[in-house]
Amino acid sequence: MYRVLIAEDDPAISELLEMNLTIAGYLCDIATDGKQALEAVKKQKYDLALLDIMLPEMDGFELLPYMQKYSIPVIYVSAKRQVADRVRGLRLGAEDYLVKPFDILELLVRMEKVLSRTKTAPSVLSIHGVTVWEAERRVEAYGKTVDLKPMEYALLLMFMKHPNIVMSREQLLREVWGDEYFGETRTVDNHVAILRKKLNWFDKIITMHRVGY
């Protein structure tokens, strides 16, 4: 289980992040200013840090060298949306930069990509009787091999890697099919129906009326 440091001085945002990341399976600690964040990394090992830039005491840019000293990859989560700020953060060595307000699913996907680059991610996922061996792209449901087409497999990974997170059809289209896909959201419904049937997950992928899954 990955441990994440959230350095954010706005309680509403830090609590929202902590709640959603905890649901997604992360361990979280919160620092409300730069000095607290620095003390935290001296005492605890973190797999990733989410840093606001405009922190009291010590800002996110000042904190970055200390994160690098302790080999903690950083994603900036900031209201500073100017290109110059994003470029500065990335040039200093941050792994990614996300502008507030942000979509929780987008943050989770970006975190997943950073962790896959910087950590040894689990290669086997298992939940509700279904197991996926990512290295082999092999799927078993209740001990039996299941043949999934590429987009079915990608959609399954989204659900398995982000359990208990509500995702809209538009979000799933963007993250699974990509920004350049211009098909209808009905595509998601069709693929969900196929997954439910192939995996016997009729009561596991839950439809949220007017929202998504």
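1. Focus: the sheet that holds strand E2 (residues 27–31)
- Read across the open sheet, the 5 strands follow the order E2-E1-E3-E4-E5; overall the sheet is parallel. Of all the strands in the sheet, the pair left with one neighbour each is E2 and strand E5 (96–99). On average, each strand axis in the sheet is inclined to that of its neighbour by 20°, with strand direction left out of account.
- Sheet topology places strand E1 (residues 3–7) next to E2; 5 bridges connect them, and they run parallel. Across the sheet, residue Arg-3 finds its bridge partner in E2, namely Leu-27.

2. Points about the sheet that holds strand E9 (residues 144–145)
- Read across the sheet, 4 strands follow the order E6-E7-E8-E9 without closing on themselves; strand pairing throughout is antiparallel. For this open sheet the edge positions go to strand E6 (124–127) and E9, each flanked by a neighbour on one side alone.
- Sheet analysis places E6 next to strand E7 (residues 130–133), joined by 4 bridges and oriented antiparallel. Bridge assignment links Ile-127 to a residue of E7, and that residue is Val-130.
- Sheet contacts for helix H6 (residues 150–161): E6, E7 and strand E8 (138–141); angle to E7, the most-contacted strand, approximately 110°.

3. A word on the packing of aromatic side chains
- Considering all chains together, one arrives at 3 aromatic pairs under this definition.
- Each ring, one from Tyr-2 and one from Tyr-26, has its centre 6.4 Å from the other, and the planes form 25°; the classification is stacked. Here Tyr-2 is found in the segment before E1, whereas its partner Tyr-26 is found in the loop between helix H1 (11–23) and E2, with 24 residues between them in sequence.
- Under the relative-accessibility criterion, Tyr-2 is labelled buried at 19%.
- Overall, the relative accessible area of 12% leaves Tyr-26 in the buried class.
- Note on Phe-61 and Tyr-76: the rings are 5.5 Å apart at their centroids and 75° apart in plane angle, and the pair reads as edge-to-face. Pair noted here: Phe-61 is in helix H3 (residues 60–69) and Tyr-76 is in strand E4 (residues 74–78), with a separation of 15 residues, a long-range link.
- The buried category is assigned to Phe-61, whose relative accessible area is 7%.
- Among the aromatic residues, ring-to-ring pairing joins Phe-61, Tyr-76 and Tyr-97 into one connected group.
- One residue, Arg-138, lies across the ring of Trp-133, its end atom 3.8 Å from the ring centre.

Reading the values: the criteria
Residues numbered from 1 in each chain as written. Predicted model: local features only at pLDDT ≥ 70, side-chain atom pairs only at ≥ 80, totals over all residues. Heavy atoms only, no water. Pairing = 2+ DSSP bridges. Helix = DSSP H or I, 4+ residues; strand = E, 2+ residues; numbered from the N terminus. Axes fitted to C-alpha atoms, helices over the stretch in contact; angles between N-to-C directions. Contact = heavy atoms within 4.5 Å. Phe/Tyr/Trp six-rings, centres within 6.5 Å; stacked < 30°, edge-to-face > 60°. Buried < 20%, exposed > 50% of the residue type's maximum accessible area, 1.4 Å probe, protein only. Lys NZ or Arg CZ within 6 Å of the ring centre and 35° of its normal.

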